Amino acid sequence: MPLAPTPQAPSDAPDISPSTDPADPADPADPTDPIGPAASHTALPDRGARRNPYARLFTVPGALAFTVGNLIARLPMGMFSVSAVTMIAGSRGSYALAGAVTATGLAATALVAPWTARLVDRHGQARVAVPATAFAVLGSLSLLLCVRYGAPDWTLFASYAATATVPNTGGMSRARWAHLLKGDTRALHTANSFEQAADELCFMLGPVLAAFLCGALFPEAGTLVAAALLLTGVLLFAAQRTTEPPPHGRTDPASKTGSPLRARGMPALLVVFLATGAVFGAMEVVTLAYADERGHKTAAGVVLALQAAGSCAAGLVFGAVRPRGPLHRRRLLCAAAMAALMCLPLLAAAATGSLVVLAGALLCAGMATAPTMVTAMTLVQKLTPEGRTNEGMTLAVTGLLGGIACGAAASGWTVEHLGATTGYAVPVAAACCALLLTLLGGDPAKGAVSTGRA
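Read on for a plain summary of the structure. (Residues numbered from 1 in each chain as written. Predicted model: local features only at pLDDT ≥ 70, side-chain atom pairs only at ≥ 80, totals over all residues. Heavy atoms only, no water.)

1. Focus: the overall build of the protein
Worth spelling out the cut-off: We count a stretch as a helix when DSSP gives it H or I for four or more residues in a row; a strand needs E for two or more, and each element gets its number in order from the N terminus. Remark: exposure states derive from per-residue accessible area (1.4 Å probe, protein chains only) relative to the maximum for the residue type, with buried under 20%, exposed over 50%, and partly exposed in between.
Check the secondary structure of the protein and you find 18 helices and zero strands. The buried share of the protein, reckoned over its 454 residues, is 54%.

Shown next as structure tokens:
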């Protein structure tokens, strides 16, 4: 979603002391809470919390403003790849070239994103995110012009690789919540759930919007609109300076605040993110192939959207429920639920061969992914050293991207050699791998040095 000591909330902010209900296992003052005791920073009033914890969440001054900007900036993340594939394949007549270009962009993002996030932590969100976004937008526009005017193929790779500087807008938003809700575990749980639901919503609507724009207007329309939305959203988000976490400057090499990769438990957690990403990448490729086998290729987007819709709904419900028990136990339960529910699409495809039944199975299967991601991201916030929140979040996203690429490759091979129905065994295997890694990794937070954050 590592912060230095932060100033108290303004005097005109609502009463924001955290709950001290002894029956609440997620209470910040409870020493058994895996998040650990933390100094109160910005908690939320309990009035009406049971009725609508999300309305309670947005009583924080400035929260609604930065969320609107971030959602506008996040929507294009689900548009760029679909728009690029449609634009390149339509102009050059080669899906292989289009796939290679987008894969190059993904690899470049995995390499560059953590460095961009480190700069954000060091110098501030607004100071780094705006120029980084502008450079990425120029890369998108360069790709558009190169495709439009028939430039050599290598220019497509170079242009799309330049988009790797785009900042992790979801991570920056989570970092703001961690800054504002420091000391209020329940509210941070709700905020992380909201952010995961927002991710699912944007990646559900983004491809649909991109496909519509490229088909209804012209092939470059998706990329053009996505670039405009990204720049507008980041500018609006960066303008909300009152909620921005303070920059931390260059880390002292002699201090204990090192790279998140060196934090206790973080490498093992990133491997779990890799396996979880493989679930997403495999499911997308196999569903596209399954629908194509049955002559309903155009329906694949709707079927995949149902999976995202199930995850989005589950994320919102999960955020409205008071977190119970240790964080590690919740992670195990969520990972087990994901492994179990991922069997449903395989059973539906093998037993019925019906795309309608498969759609229902994907809707149910998607309900386990958001809670799994919420608990994992909460643990990332716990393990990330002070002052490195954006970098820690971005490393998690990088792990997911790597897993998506691996899952897509493995499922593609399986579909080609064994058929689309058998391909649904790949996300099942990936989910079981994530569960096994979670079990073997134990509780990463146990024994870790508290960062003083919720």
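2. Digging into helix α5 (residues 125-148)
What counts, and what does not: A helix is expected to span 1.5 Å multiplied by its residue count minus one.
For α5, spanning 24 residues, the distance from its first C-alpha to its last is 34 Å, which sits close to the expected 34 Å at 1.5 Å a residue. The positive-phi residue at the C-terminal boundary of α5 is G150, with phi of around 70°.

3. Here we look at the packing of α5 against helix α9 (residues 221-238)
Applied cut-off: The axes are straight lines fitted to the C-alpha atoms, using for helices just the contacting stretch, and the angles between their N-to-C directions are given from 0 to 180°. Convention used here: angles under 35 degrees read as roughly parallel, angles over 145 as roughly antiparallel, angles from 65 to 115 as roughly perpendicular, and any remaining angle as oblique. Residue contacts are defined here by distance: any two heavy atoms, one from each residue, within 4.5 Å place the two residues in contact. Side-chain classes follow a simple rule in which Ala, Val, Leu, Ile, Met, Phe, Trp, Tyr, Cys and Pro form the nonpolar group, Asp, Glu, Lys and Arg form the charged group, and the remainder, Gly included, forms the polar group.
Contact geometry for α5 and α9: axes closest at 10 Å, N-to-C directions at 170°. It follows from the interaxial angle that α5 and α9 lie roughly antiparallel. The residues of α9 that touch α5, namely those facing Q125, A126, A129, V130, T133, V137, S140, L141 and L144, are T223, L224, A227, L230, L231, V234, L235, F237 and A238. Residues that form the contact of α5 with α9 fall into these classes: 14 nonpolar, four polar and no charged.

4. With respect to the environment of L440
Along the chain, the position of L440 falls in helix α18 (residues 425-441). Considering only alpha carbons, one finds L440 and A268, 172 residues apart in sequence, at a separation of 9.3 Å.

5. A few points about the environment of V60
Secondary-structure assignment places V60 in the loop between α1 (53-57) and α2 (63-74). With 183 residues separating them along the chain, V60 and T243 place their C-alpha atoms 9.4 Å apart.

6. A few points about the pattern of salt bridges
Note the cut-off: Salt bridges are counted wherever a side-chain nitrogen of Lys or Arg sits within 4 Å of a carboxyl oxygen of Asp or Glu.
Taken as a whole and judged by the stated rule, the model has four salt bridges. Its salt-bridge partner being E220, residue R148 comes within 3.4 Å of it at the nearest N-O pair. One end of the pair, R148, is in helix α5; the other, E220, is in the loop between α8 (185-216) and α9, and 72 residues separate them in sequence. Relative accessible area serves as the criterion here: at 52%, R148 is assigned to the exposed category. According to the relative accessible area criterion, E220 is buried, its value standing at 8%.

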